[in-house]
Amino acid sequence: MQAASLAPSAGWQWARDGLALFRLQPMAMFTWALTVGFMVLVASILAPIGPLLFVVGMPAITVMTLEACRAIEQGRTVLPLRLFLVLKAPGLFKKLLAMGALYVAAVLAAGLVAFLPFADGLSEAMSGLSSDDVGGVLAAMRAPIALFGIFYVIIAGLFWHAPALVAWHRLGIRKALFFSGIACWRNKGAFLMYGATWLLVVLALELGGGLLEAVGLSPTISGLIQMPFNFVAAAVLYCSFYPTYTSVFGAPPAPGFSNGT
């Protein structure tokens, strides 16, 4: 497979293309964002096992999201709950769950490698922790967090396109991870711009919530007002995943699975 190499400005274009997709079927994608949000809520209630299961299921959720975006692009009506039919393809759900489990294992391994060498320093800082001074703990955690951040960026690149490559190109997990990593490395500038764009969106939403509280609204009321905007932003974010794939690998192949849309 050949991955295109794009200019950094492509990251901004991905966000714009995601917004354009969302505007074609806003209620469908808003409903899908609500569905994913409900799954996150259920997972948090079932902590600690719930969040772990949700992360394992993330590749499957990604494929359903991308299938919704492909349906929108092709002018087909998206029925969010029927997206789960995508996972009925022979062997697909099992491979996506295996990919999710591998992702969890990779993140846990990265955490161990990043934090274990600094365990003694962290233990000393924690033993001297006081409510008035947490500077020692923050200083001790600076290096392991930075190291973990580097590891996590690498892991994210390996897994970014992998679900789509498994679902649409029938690649094995190892090949999908390899091609995803190569594609993300070739477009690292675009992904930096993409991440910066969404960081600005998050900061704008946080600023909006702060302004609501500043004018006298309670945190509960301001949160309720802000919630629909958060889900709209999430829906646009999900839509923007699709152009990050199509601009790098081209249009996905003809549907191989029935998605019920």
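Because the structure is predicted, anything quoted here is derived from the model rather than measured.

Enquirer: How should the overall build of the chain be read in this particular structure?
Expert: If you tally the helices and strands in the chain, you get eleven helices and zero strands. For 261 residues, the compact-globule estimate of 2.2 N^0.38 gives 18 Å, and the chain sits close to it at 20 Å. Each principal axis of the C-alpha distribution contributes one length, and for the chain these read about 60 × 50 × 40 Å. Counting only contacts in the chain whose residues sit at least 6 apart along the sequence, the fraction spanning at least 24 positions is 77%. Roughly 14,100 Å² of accessible area belongs to the chain as shown, and the carbon and sulfur atoms make up 73% of that amount. Across the chain, the mean location of the 14 positive side-chain charges is 25 Å away from that of the 9 negative side-chain charges.

Enquirer: Explain the nonpolar core to me, please; I cannot follow it from the model alone.
Expert: When a protein is soluble and globular, its nonpolar side chains tend to lie buried together. Counting residues in each nonpolar core, the largest one holds 61 residues, and the members touching the most others are M29 and W32. Apart from residues no more than four positions distant in its own chain, M29 is found in contact with F22, A68, I72, A235, Y238 and C239.

Enquirer: What should I look at first to understand the pattern of salt bridges in this one?
Expert: In a structure, side chains of opposite charge can pair up when their charged atoms sit close to one another. Per the stated rule, a full pass over the model turns up one salt bridge. Among the ionic pairs, E67 bridges to R70, the shortest N-O distance being 2.9 Å. Remark: R70 and E67 occur in helix α4 (residues 58-73); sequence separation between them is three residues, near one turn of the helix. Since its relative accessible area comes to 1%, R70 is described here as buried.

Enquirer: Even after reading the chapter, I still don't get unusual backbone geometry, so can you show me in this structure?
Expert: Excluding glycine, residues mostly have negative phi values, and the peptide bonds linking residues are mostly trans. Of note, the amide linkage connecting A47 to P48 takes the cis form, showing an omega dihedral of 5°. A positive phi angle, close to 55°, is found at R170, a residue other than glycine. A relative accessible area of 53% places R170 in the exposed class.

Enquirer: Is there a simple way to explain a nonpolar patch on the surface in this structure?
Expert: Where nonpolar side chains cluster on the molecular surface, the patch consists of F38, L41, V42, I45, L46, I49, L52 and L53 and spans about 780 Å² of accessible area. Counting residues per element, the ones that place at least two in the nonpolar patch are α2 (26-45) and α3 (49-56). Looking at which element gives the most residues to the nonpolar patch, the answer is α2, with four residues. The exposure class of L41 is partly exposed, given its relative accessible area of 47%.

Enquirer: Is there a simple way to explain helix α10 (residues 188-214) in this structure?
Expert: Owing to its 3.6 residues per turn, the α-helix brings residues three or four apart onto one side. The end-to-end C-alpha separation of α10 is 38 Å, in line with the 39 Å expected for 27 residues at 1.5 Å each. Phi turns positive, to about 110°, at G216, one or two residues after α10.

Enquirer: I would appreciate a short explanation of the packing of aromatic side chains in the present structure.
Expert: Per the stated rule, a full pass over the model turns up 16 aromatic pairs. Look at Y103 and F159: their rings are 5.2 Å apart centre to centre, the planes differ by 80°, and that puts the pair in the edge-to-face class. With Y103 in helix α5 (residues 92-115) and F159 in helix α7 (residues 135-160), the pair connects residues that are 56 residues apart, well separated along the chain. The two residues Y103 and F159 agree in class, both being buried. Seen from their ring centres, W160 and F241 are 5.5 Å apart, and the 80° between their planes marks the pair as edge-to-face. Within this pair, whereas W160 is found in helix α7, its partner F241 is found in helix α11 (residues 219-249), the two being separated by 81 residues in sequence. Taking relative accessible area as the criterion, W160 reaches 29% and is therefore assigned partly exposed. When the ring centre of W185 is taken as origin, the NZ or CZ atom of K188, which lies over that ring, is 4.0 Å away.

Enquirer: Would you take a moment to explain the UniProt feature "transmembrane region" (unreviewed entry) in the chain for this structure?
Expert: In the numbering adopted here, UniProt assigns the feature "transmembrane region" (unreviewed entry) to residues 29-56, 96-119, 139-168, 189-212 and 224-242. Span residues 96-119 is 88% helix and 0% strand, its end C-alpha atoms 34 Å apart. Secondary structure content for residues 139-168 is 97% helix and 0% strand, while the C-alpha to C-alpha distance between its ends is 45 Å.

Parameters and conventions
Residues numbered from 1 in each chain as written. Predicted model: local features only at pLDDT ≥ 70, side-chain atom pairs only at ≥ 80, totals over all residues. Heavy atoms only, no water. Helix = DSSP H or I, 4+ residues; strand = E, 2+ residues; numbered from the N terminus. Rg over C-alpha atoms; globule rule 2.2 N^0.38 Å. Contact = heavy atoms within 4.5 Å. Areas by Shrake-Rupley, 256 points an atom, 1.4 Å probe, with all protein chains shown as cover. Lys, Arg positive; Asp, Glu negative; His and termini not counted. Charge placed at Lys NZ, Arg CZ, Asp CG, Glu CD. Core = buried A, V, L, I, M, F, W, Y, C linked by side-chain atoms within 4.5 Å. Buried < 20%, exposed > 50% of the residue type's maximum accessible area, 1.4 Å probe, protein only. Salt bridge = Lys/Arg side-chain N within 4 Å of Asp/Glu carboxyl O. Patch = residues over 30% accessible without salt bridge, like charges linked within 9 Å, V, L, I, M, F, W, Y side chains within 5 Å. Expected span 1.5 Å × (residues − 1). Phe/Tyr/Trp six-rings, centres within 6.5 Å; stacked < 30°, edge-to-face > 60°. Lys NZ or Arg CZ within 6 Å of the ring centre and 35° of its normal. UniProt positions renumbered as here; feature names shortened; annotations may be inferred.

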